[in-house]
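Structure assessment
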Amino acid sequence: MAVSMAEQLNAARLMLSGMKTKAEELKSIGISEDDITKLNALLNETAALDEKQEKLKAELKTCSSDLTDKSKAMKNFVAAMRKRVKLVIPQTEWSAFGITSTK
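The structure reproduced in this document is the subject of the present report. (Residues numbered from 1 in each chain as written. Predicted model: local features only at pLDDT ≥ 70, side-chain atom pairs only at ≥ 80, totals over all residues. Heavy atoms only, no water.)

Some points on the pattern of salt bridges
- Across all of its chains, the model carries 4 salt bridges by this definition.
- Across the pair Glu 25 and Lys 22 runs a salt bridge whose closest N-O atoms are separated by 3.6 Å.
- Glu 25 gets classed as exposed once you look at its relative accessible area, which sits at 55%.
- You can call Lys 22 partly exposed: its relative accessible area is 41%.
- With its nearest N and O atoms 3.4 Å apart, the salt bridge here joins Glu 51 to Lys 55. (Salt bridge = Lys/Arg side-chain N within 4 Å of Asp/Glu carboxyl O. Buried < 20%, exposed > 50% of the residue type's maximum accessible area, 1.4 Å probe, protein only.)

Shown next as structure tokens:
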């Protein structure tokens, strides 16, 4: 089962908290203040990147929605213009407007 980023961050926070609390006891197995500092830095950097990614996802979702709306508006407008062009332009000249239908 995949672990979510929130779960990973929470696990790292818990580990960091425990390492800070038991720093003296952990020295005997080679875990130093440098290790605590490194984990803290990794945690902060990872959390910042995760926040940035979430903002970008939200921005992409908004952009995609805007694109869909504009694309629909453009399609409808082109369809309306096609109908109007067909009223006054001879069928033999429709191709200049990208119209390939025969009616």
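Focus: the nonpolar core
- Core analysis: the biggest nonpolar cluster contains 9 residues, these being Leu 9, Ala 12, Leu 16, Met 19, Ala 23, Leu 26, Ile 36, Leu 39 and Leu 43.
- Taken together, the elements giving at least two residues each to this core come down to helix H1 (5–21), helix H2 (23–26) and helix H3 (33–88).
- Residue contacts for Leu 39: discarding those within four places in its chain leaves Ala 12, Met 15, Leu 16 and Met 19. (Core = buried A, V, L, I, M, F, W, Y, C linked by side-chain atoms within 4.5 Å. Helix = DSSP H or I, 4+ residues; strand = E, 2+ residues; numbered from the N terminus. Contact = heavy atoms within 4.5 Å.)

Worth remembering: the numbers are spatial, not functional.
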